[in-house]
There are 2 protein chains.
Amino acid sequence: MRKAQLKKYAKLIVKTGLNVKKGQTVFVAAGLDQPDFITMVVEECYKAGASEVFVEWSHQPVSKLNAQYRTLESLSHLTPWEKAKWEFKANNYSCRLFIESSDPDGMNGVDQEKMSKARQATYPEIKPFRQQMENRHQWCIAAVPGKAWAKKVFPSLSESKAVEAMWQAILHASRADSKNPIKAWKEHNSDFRARCDYLNGLGLKYLEYKSANGTDLTVELLPDGVFTGGIEKTLKGRAFNPNIPTEEVFTSPKAGGAEGIVYSSKPLSYMGELIDNFSLRFENGKVVEVKAEQGEALLQKMVSMDEGAGKLGECALIPYDSPINQSGVLFYNTLFDENACCHFAVGHGFNECLKGFEKMTDEEIKARGINDSMIHVDFMIGTADMSIVGIKENGERVQIFKNGGWAF
Amino acid sequence: MRKAQLKKYAKLIVKTGLNVKKGQTVFVAAGLDQPDFITMVVEECYKAGASEVFVEWSHQPVSKLNAQYRTLESLSHLTPWEKAKWEFKANNYSCRLFIESSDPDGMNGVDQEKMSKARQATYPEIKPFRQQMENRHQWCIAAVPGKAWAKKVFPSLSESKAVEAMWQAILHASRADSKNPIKAWKEHNSDFRARCDYLNGLGLKYLEYKSANGTDLTVELLPDGVFTGGIEKTLKGRAFNPNIPTEEVFTSPKAGGAEGIVYSSKPLSYMGELIDNFSLRFENGKVVEVKAEQGEALLQKMVSMDEGAGKLGECALIPYDSPINQSGVLFYNTLFDENACCHFAVGHGFNECLKGFEKMTDEEIKARGINDSMIHVDFMIGTADMSIVGIKENGERVQIFKNGGWAF
């Protein structure tokens with residue numbers, strides 16, 4: 001990929017993604033795959049006025065060794081410096097950037113039960129920081145090619161050609177391959193605004209999903225729920241784009257309001273392993289049965305991580321003919337694959353999908369129906385024939401999706 | 001370089017260098033240049049019984065941006081998590097491994113005055129931790145090729161060939177290119193022991209350095225000073241090899257006991273810049289005049305960093321025909337170049353070069369003549385014709401070095 005285009009991508013991430021404010025501290029979490037690009041991002045952060053930029057490098061093969069050799073007890077608490085860093089991030093309105101590049105299969109062979117237990121044990125330490133930071137800080141996830149990831153996505157190409165193809169796929173999916181990516185994203189964000197305004201004006205109570213693959217699920221929405229997409233805002237009003245790319249209009253449904261069955265339409269990569277051709281059956285809003293051709297045990301573990309892990313936290317609407325789906329590339333990475341077509345997430349919901357959340361405590365937000373969990377895992381359910389009907393309080397039906405795409 | 005040989009090198013670092021103890025925590029500081037090798041090192045640490053291994057990655061171009069864009073104030077204090085990490089290291093008897101690979105010219109263009117001031121400002125925060133850790137923890141410095149470093153050392157080779165040549169040079173210099181590097185180091189450590197025993201039995205008061213290049217310097221030794229080399233021991237008696245490679249027998253002279261002039265015999269890379277063809281003139285143990293064909297201002301700044309920066313902290317004896325010098329490779333890196341020939345260091349001395357230091361406070365150690373400073377910078381002074389004469393209290397003269405090599 002040409003350096004000039006990568007600079008535009010770096011600038012897009014810093015300006016449109018994070019929207020770094022003069023004097024802010026920025027944390028960048030990245031693998032070791034594209035150090036030159038990360039260096040560009042750091043420089044763009046400083047040029048945008050960041051006072052300090054801290055890169056937190058990690059290397060998946062080392063993470064795997066840690067997972068294998070450290071005891072469950074050692075993995076079950078934050079180190080003092082990890083805690084100090086969380087505290088700093090929470091107290092200093094820092095921007096956080098996550099640059100993904102890891103191998104979807106990179107953690108294969110790790111004891112998932114041990115890792116689940118470790119996550120369960122550290123979650124109470126992390127939760128207060130997460131809550132303190134929620135909607136207060138700009139953050140953004142974007143991606144760069146890792147060699148193993150690129151080879152997984154383009155197995156027939158040589159390593160260097162796969163990485164080049166991956167750069168192209170990432171930049172295309174991220175609307176960052178044009179002459180002026182920042183302008184392209186301005187238009188993209190305006191489109192989101194118009195669609196969300198329409199949906200929020202309807203006052204829907206339910207979404208009814210149907211597909212020939214067997215999906216037949218009714219999801220209850222929150223009375224004060226809102227659809228959103230693209231730009232988000234911090235409580236202080238700073239706009240940012242948390243996902244590059246993003247194609248989804250989404251809301252958080254009512255935890256405990258889902259009835260029926262939903263079938264996956266794409267494989268799910270979870271904790272480095274694949275779960276494929278699966279279904280989840282809901283009763284009273286909670287998963288009561290899982291089936292999977294591959295990874296059923298892991299799927300069962302996933303939805304049992306805690307009380308909220310078996311309830312929906314997100315409904316996302318994306319036309320089946322989205323650019324990512326049209327490209328035909330399966331990225332084995334949620335950031336991209338979740339933007340291919342409609343999906344749900346089990347696990348925690350988004351406070352900002354509830355009107356007036358700014359003045360509520362976490363307990364109130366939970367009581368109002370936003371799901372709470374240590375996990376948030378997206379899985380794809382969109383199909384070419386998917387129908388979604390919105391149902392109002394008075395029973396009136398409005399076609400939202402038809403033949404896999406927007407009906408309005 | 002063949003993977004099998006690299007595994008032997010990784011094992012040498014972990015077993016002979018650090019001598020990791022079962023249950024110990026290990027910190028590995030490394031650049032991004034050889035992630036596969038660092039992963040091997042991490043695995044060897046775990047195989048040796050380490051309970052936790054934390055890799056602290058850094059990337060010189062990002063460090064350079066930080067140095068350029070962060071304010072002096074921002075650079076002048078430890079972050080809370082850096083402080084937490086120092087505390088942990090100091091309190092937990094952790095092993096510390098430093099894997100060097102950085103570009104000798106990588107920090108060119110950075111404002112050295114700003115960086116000096118920042119180091120001066122952070123030193124009081126770091127000093128108590130350093131003191132707490134001294135001689136209590138195993139540590140080791142070793143090296144791997146970085147691309148820019150390799151091209152600097154082998155400018156006529158292509159990047160990939162330069163890296164390969166650099167691997168060979170590093171492994172050869174480190175006595176790690178044989179079938180059994182761990183055995184080779186056992187013999188190497190025995191040789192050191194024999195030479196140090198001889199020198200310590202002489203009871204020398206002065207070392208008198210002379211060379212045709214103009215060097216004419218008399219250095220006063222400590223009454224209770226000891227020569228050492230190769231293996232060191234923690235206070236709890238754990239043996240380790242802090243430097244891979246090492247060829248030096250060394251001691252810390254009496255701070256304030258040097259008279260005359262010494263000429264450099266190799267360039268010095270300091271804070272990413274080169275100082276070349278220089279001399280230091282000492283009066284009453286302190287530098288009173290510096291001259292340099294290149295980097296004179298930086299040299300003057302270096303010896304003025306603090307009270308101890310202009311006094312000697314180390315005298316190291318290495319034959320001029322050492323393997324590293326014979327190889328003819330100039331590494332532009334102290335770890336290697338300091339093992340080419342005799343050198344001094346200005347700045348802090350080594351407590352373990354004073355008999356009975358274990359029972360003394362830092363103030364007592366300083367009062368006994370071990371130099372104290374925030375810096376410790378080695379510079380090469382060995383020549384092919386160098387003569388070093390040891391002088392006893394009673395005036396008796398013993399030839400230690402003759403024509404650049406050991407006289408005994």
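Everything below is about the structure printed above this text.
The rules behind each value
Residues numbered from 1 in each chain as written. Chains lettered and ligands numbered in written order. Predicted model: local features only at pLDDT ≥ 70, side-chain atom pairs only at ≥ 80, totals over all residues. Heavy atoms only, no water. Least-squares fit on C-alpha atoms with pLDDT ≥ 70 in both. Contact = heavy atoms within 4.5 Å. Phe/Tyr/Trp six-rings, centres within 6.5 Å; stacked < 30°, edge-to-face > 60°. Buried < 20%, exposed > 50% of the residue type's maximum accessible area, 1.4 Å probe, protein only. Lys NZ or Arg CZ within 6 Å of the ring centre and 35° of its normal. Bend = angle between axes of the 7 residues up to and from the residue. Helix = DSSP H or I, 4+ residues; strand = E, 2+ residues; numbered from the N terminus. Polar contact = N/O pair within 3.5 Å; in protein donor to acceptor, adjacent residues only side chain to side chain. Salt bridge = Lys/Arg side-chain N within 4 Å of Asp/Glu carboxyl O. Axes fitted to C-alpha atoms, helices over the stretch in contact; angles between N-to-C directions. Parallel < 35°, antiparallel > 145°, perpendicular 65-115°, else oblique. Nonpolar A, V, L, I, M, F, W, Y, C, P; charged D, E, K, R; others polar. Pairing = 2+ DSSP bridges. Left-handed = near helix turned anticlockwise from the far one by under 90°. Core = buried A, V, L, I, M, F, W, Y, C linked by side-chain atoms within 4.5 Å. Buried area = accessible area lost by both parts, 1.4 Å probe.

> Which residues make up the relation of the copies chain A and chain B, and what values do they have?
Expressed as a screw operation, the relation of chain A to chain B combines 0.0 Å of axial shift with a rotation of 180°, fitting to an RMSD of 0.0 Å. What the rotation and shift describe, once combined, is the action of a two-fold rotation axis. Of the C-alpha atoms belonging to chain A, the one lying closest to the rotation axis is found on Trp81 of chain A, 2.2 Å away. In this assembly the copies share their binding face: 100% of the residues contributing to the interface of chain A also contribute to that of chain B.

> Could you give me a rundown of the packing of aromatic side chains, with the residues and numbers involved?
All told, the structure shown has 40 aromatic pairs over all chains when counted by the stated rule. Judged by centre distance (4.9 Å) and plane angle (65°), the ring pair of Phe401 of chain A and Trp406 of chain A falls under edge-to-face. Residue Phe401 of chain A is classed as buried on the basis of its relative accessible area of 0%. Accessibility expressed as a relative area gives 18% for Trp406 of chain A, which makes it buried. Linked through ring pairs, Phe27, Phe54 and Phe88 of chain A together with Trp81 of chain B together constitute an aromatic cluster. It is Lys89 of chain A that lies over the ring of Trp86 of chain A; its NZ or CZ is 5.7 Å from the centre.

> So what's going on with helix α6 (residues 112-133) of chain A? Which residues, and what values?
Residue and element names in this part refer to chain A. Of all the bends in α6, the greatest, near 45°, is centred on Tyr123, and the proline Pro124 appears no more than four residues after it. Within α6 the residues assigned to the buried category are Gln112, Lys114, Met115, Ser116, Ala118, Thr122, Tyr123, Ile126, Phe129 and Met133. The N-cap residue of α6 is Asp111: its side-chain oxygen and the backbone nitrogen of Glu113 are 3.0 Å apart. Looking one or two places after α6, you find Asn135, whose phi comes out positive at around 60°.

> Can you explain the pattern of salt bridges? Please cite residues and give values.
Residue and element names in this part refer to chain B. Enumeration according to the criterion identifies 36 salt bridges over all chains in this entry. With a shortest N-O distance of 3.9 Å, Lys117 and Glu113 are connected by a salt bridge. Taken together, the positions of Lys117 and Glu113, both in helix α6 (residues 112-133) and four residues apart, correspond to about one turn of that helix. Take Lys117: its relative accessible area is 42%, and that puts it in the partly exposed class. A salt bridge links Arg281 to Glu283; the nearest nitrogen and oxygen atoms lie 2.9 Å apart. On the basis of relative accessibility, which here comes to 30%, the residue Arg281 falls in the partly exposed class.

> So, the packing of helix α3 (residues 60-69) of chain A against helix α2 (residues 35-47) of chain B: which residues are in play, and what are the values?
Describing two packed helices takes the angle between their axes plus the distance from one axis to the other. Where α3 of chain A contacts α2 of chain B, the two axes come as close as 9 Å, and the packing angle between them is 10°. As judged from the angle between their axes, α3 of chain A and α2 of chain B are roughly parallel. Residue-level contacts link Pro61, Val62, Leu65, Asn66 and Tyr69 of chain A of α3 of chain A to Thr39, Val42, Glu43, Tyr46 and Lys47 of chain B of α2 of chain B. Of the residues belonging to the contact of α3 of chain A with α2 of chain B, the class tally is six nonpolar, two polar and two charged.

> Could you give me a rundown of the sheet that holds strand β1 (residues 25-30) of chain A, with the residues and numbers involved?
Pairing between sheet strands relies on hydrogen bonds along the backbone, with the strands arranged either parallel or antiparallel. Residue and element names in this part refer to chain A. With parallel pairing, the four strands of this open sheet are ordered in space as β2-β1-β3-β4. Lying at the two open borders of the sheet, with one neighbouring strand each, are β2 (52-57) and β4 (139-143). Strand after strand, the sheet turns through a mean of 15° between neighbouring axes, direction not considered. Across five bridges, strand β3 (residues 95-100) lies against β4 in parallel orientation. Following the sheet pairing, Ile99 is matched in β4 by Ala142. Seen against the sheet, helix α1 (residues 3-18) touches β1, β3 and β4 and runs at an angle of roughly 155° to β4. Strand contacts of helix α5 (residues 80-91): β1, β2 and β3, with the helix running at about 135° to β1, the strand carrying the most contacts.

> Account for the side chain of His59 of chain B, with residues named and values stated.
On the secondary structure map, His59 of chain B appears in the loop between β2 (52-57) and α3 (60-69). Its relative accessible area of 14% is what places His59 of chain B among the buried residues. In this structure, His59 of chain B is in contact with Pro35, Thr39 and Trp57 of chain A together with Leu32 of chain B, ignoring residues within four places of it in sequence.

> How would you summarise the packing of α1 of chain A against helix α8 (residues 159-173) of chain A if you had to cite specific residues and measurements?
Residue and element names in this part refer to chain A. In contact at an axis separation of 12 Å, α1 and α8 are set at 40° when each is read in the N-to-C sense. Between α1 and α8, the angle falls in the class oblique. Classified by chirality, the crossing of α8 by α1 is left-handed. Along its contact with α1, which presents Gln5, Leu6 and Tyr9, the element α8 presents Trp167, Ile170 and Leu171.

> Could you give an account of the nonpolar core, with specific residues and numbers?
Counting residues in each nonpolar core, the largest one holds 112 residues, and the members touching the most others are Tyr9, Phe37 and Phe331 of chain A together with Tyr9, Phe37 and Phe331 of chain B. Each residue touching Phe331 of chain B, except ones within four places of it in the same chain, is listed here: Trp149, Val153, Met166, Ala169, Ile170, Ala173, Ile324, Phe336 and Asp337 of chain B.

> Describe unusual backbone geometry, and please don't skip the residues or the numbers.
Residues and elements named next belong to chain A. Of the consecutive residues Ile244 and Pro245, the connecting peptide bond is found in the cis state with omega at 5°. Within the element layout of this structure, Pro245 appears in the loop between β8 (239-240) and β9 (249-251). The backbone of Arg175 sits at a positive phi, close to 50°, despite the residue not being glycine. In this structure, Arg175 sits in the loop between α8 and α9 (181-202). Residue Asn277 is not a glycine yet carries a positive backbone phi of 50°. Mapped onto the elements, Asn277 comes out in strand β12 (residues 273-283). Overall, the relative accessible area of 43% leaves Asn277 in the partly exposed class.

> Tell me what's going on with the interface of chain A and chain B, and back it up with residues and numbers.
How big an interface is tends to be stated in terms of the accessible area lost upon association of its parts. Opposite the 29 residues of chain A that make contact, chain B presents 29 residues. Approximately 2800 Å² of surface area, both sides summed, lies buried where chain A meets chain B, with 73% of it carried by carbon and sulfur atoms. Across the chain A-chain B interface, the total number found is two salt bridges. Of the charged contacts, one joins Glu52 of chain B and Arg70 of chain A as a salt bridge, the two residues approaching to 3.6 Å between their closest N and O atoms.

By themselves, these observations are geometric and do not establish any function.
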